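Close look at the chain arrangement
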Amino acid sequence: MKSSWKVVVLWMLPALLIGFFLWQGAFSSSAMDTGRNAASTRMSYGRFLEYLDSGRVTSVDLYEGGRTAIVEGIDPEPVLGSQVQHWRVDLPSNAPELIAKLKESNISFASHPMRNDGAIWGLLGNLVFPVLLIAGLFFLFRRSSNIPGGPGQAMNFGKSRARFMMEAKTGIKFDDVAGIEEAKEELQEVVTFLKQPERFSAVGARIPKGVLLVGPPGTGKTLLAKAIAGEAGVPFFSISGSEFVEMFVGVGASRVRDLFKKAKENAPCLVFIDEIDAVGRMRGTGIGGGNDEREQTLNQLLTEMDGFEGNTGIIIIAATNRADVLDSALMRPGRFDRQVTVDAPDLKGRLEILQVHARNKKLSDEVSLEAIARRTPGFTGADLANLLNEAAILTARRRKEGITMPEIDDAVDRVVAGMEGTPLVDSKTKRLIAYHEVGHAIVGTLLKDHDPVQKVTLIPRGQAKGLTWFTPNEEQGLTSRSQLKARITAALGGRAAEEVIFGDAEVTTGAGGDLQQVAGMARQMVTRLGMSDLGPLSLEGQSSEVFLGRDLMTRSDYSEEIASRVDTQVRAIVGKCYEDAKQIMRDHRTVIDRLVDLLVEKETIDGEEFRQIVAEYTVVPEKEEYVPQI
Ligand code: ADP
Ligand code: MG
Ligand code: ZN
């Protein structure tokens, strides 16, 4: 609808253009035709002179400044009744002798001026087109500026387009946030700041203006901020840091001003700035000396935060998952002087979060939330909420009364590894994938320090063609060197099986992900954990990810020589583990073949069955199971 107007106007323009030229042509010839209506017959100049000499011409009218003449004369061979005829003659431009001749022969002649009205029309015609064109363009421009995001936006950017959201009542209470007790306790106080500021100002306490929530995505930072506003019963303003950063210089700063203006009008209130690292990165860093626009925005934010008193009832809560990249000016007292860490929940936390989200779900009696919590180490609050929702969807699809354990299991797999695909039909590829997965699983089973196998499956999920699941033992906290080596060996088990069974030339791309993990683990062992012949050295910081704002320039804080020794060590670890994995394949070929046959037939083997089969051929090491208490 919006664009159809433009299309119409655009098609009109060429039509107008053509019309205009036709029109112009019509004007220029009309001046003559109205002069003498019947002068349709043409006569050459030579003929005209002949007629003149022979005295047949009676009168001559000159037009167009003497370039054309309408000649009245007597036709020697009349076609129609009358002998008197009119001819049109084109005169050569230089024929001054003609006038003399006409005078001499006593023929009446008259010179007619160019018709003025024609000229005026011509002039108007010349004007109409540009006027239409300008009007058309103007129209186009007007229209597009009404379309949000259209080019007309350029005229009023940064202005009124308030990108922040305001919720008068969030309706979320602390009860809705679970599993992050420490953070909740810290923030309980903020509610009191908002509700009864006078209690603090009475004793001369300065109320903090800003709180920084730090934690990985999905742990409930936004939820916490909303709960604070909900508990205190104040409006909730939210904006994302990335909304400040725009193409145009000065927009970010003006948005910050807008936001604080609105907040002051609505005090007491809570302002939530999500992803503050988008604006709050260290200034003066980055390739090419930093980003002026971002710095201006950050400066404006700091100015605004200094500009109001703590007791006006505005509290700013910002969230980030990277506190390490923030500008230190943000963390100064009087700004975000409180930092609250919001981490992924532990077993107890997961259980509490599951309880919150199970409130509005129909679970059958057999479902134990505790069992789910045990199965989901590393899940954040968002993952758990998503898990229960997926299970509910599956339950509805299977037309069951309430959620049962199979739905939970499927939902966990889905949240971790993605959507289920259709299994392959029996083929060489399927057998190769089966060998690959059994390779992982058998190494995991036979190494004492590896987590036990939970299940092996050939049902594809997400990117993976087959999967081996292990039961992780997260709550033990620390990981030993032999555990890391066992993990590397098991991760290499897939490729080792491919190579031992099918030969060097047949190995596939299927191991790409495994090898990446292996490289990461081995490198960390050498550079961060001091678990190699290089000795207990930490050569790299916490995050190995390059942060353009800072790390690029100071990336290698060790010498070339050490760097090459690191590479040698990494290769030594990986090489040794790969040899071990291949040896396991060679030593247990019979049981591997049997497991592969079973897996191709059944598509999934669970951990218990897998261990029983392996135990028929060799000794399976006991793995102590760590059962965390709630
Ligand atoms: P973040 O802002 O840290 O990325 P959110 O607060 O947006 O995470 O969390 C997304 C959703 O996950 C929430 O709406 C909520 O349903 C669920 N959730 C996350 N953490 C928790 C928690 N601690 N307790 C209850 N629900 C949670
Ligand atoms: Mg969030
Ligand atoms: Zn693999």
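Provided above is the structure to which this section pertains.
Residues numbered from 1 in each chain as written. Chains lettered and ligands numbered in written order. Predicted model: local features only at pLDDT ≥ 70, side-chain atom pairs only at ≥ 80, totals over all residues. Heavy atoms only, no water.

Turning our attention to the coordination of the zinc ion (ligand 3). Within the protein, the atoms that donate to the zinc ion (ligand 3) are His436 (NE2), His440 (NE2) and Asp514 (OD), at distances of 2.1 Å. The motif formed by the donor residues of the zinc ion (ligand 3), counted along the single chain, is H-x3-H-x73-D. Taken together, the residues span a long stretch of sequence, with His436 in helix H16 (residues 428-446) and Asp514 in helix H18 (residues 512-527) at a distance of 78 residues. A relative accessible area of 6% places His436 in the buried class. Note on Asp514: relative accessible area 15%, which makes it buried. (Donors = N, O, S within 2.8 Å, 3.2 Å for Na, K, Ca; no water. Helix = DSSP H or I, 4+ residues; strand = E, 2+ residues; numbered from the N terminus. Buried < 20%, exposed > 50% of the residue type's maximum accessible area, 1.4 Å probe, protein only.)

On to the packing of aromatic side chains, then. Taken as a whole and judged by the stated rule, the model has 5 aromatic pairs. A centroid spacing of 4.6 Å and a plane angle of 70° characterise the contact between Phe193 and Phe200, whose relative ring orientation is edge-to-face. By relative accessible area, which is 16% here, Phe200 ends up buried. Aromatic side chains Tyr435 and Phe502 sit 5.6 Å apart centroid to centroid with 85° between the ring planes, which places their arrangement in the edge-to-face category. With a gap of 67 residues between them, Tyr435 in helix H16 and Phe502 in helix H17 (residues 481-502) connect regions that are remote in the sequence. (Phe/Tyr/Trp six-rings, centres within 6.5 Å; stacked < 30°, edge-to-face > 60°.)

So, about the sheet that holds strand E7 (residues 210-214). In spatial order, the strands read E6-E8-E9-E10-E7-E11; together these 6 strands make up an open sheet with mixed pairing. Each edge of the open sheet carries a strand with a single partner, namely strand E6 (165-167) and strand E11 (338-341). Looking at each pair of strands side by side, their axes are set apart by 20° on average, direction ignored. Relative to strand E9 (residues 269-274), strand E8 (residues 236-240) is paired through 5 bridges, and the arrangement is parallel. Bridge pairing in E9 places Ile239 opposite Ile273. Across the face of the sheet, helix H9 (residues 251-265) comes into contact with E8, E9 and strand E10 (314-320) while running at roughly 170° to E8. (Pairing = 2+ DSSP bridges. Axes fitted to C-alpha atoms, helices over the stretch in contact; angles between N-to-C directions. Contact = heavy atoms within 4.5 Å.)

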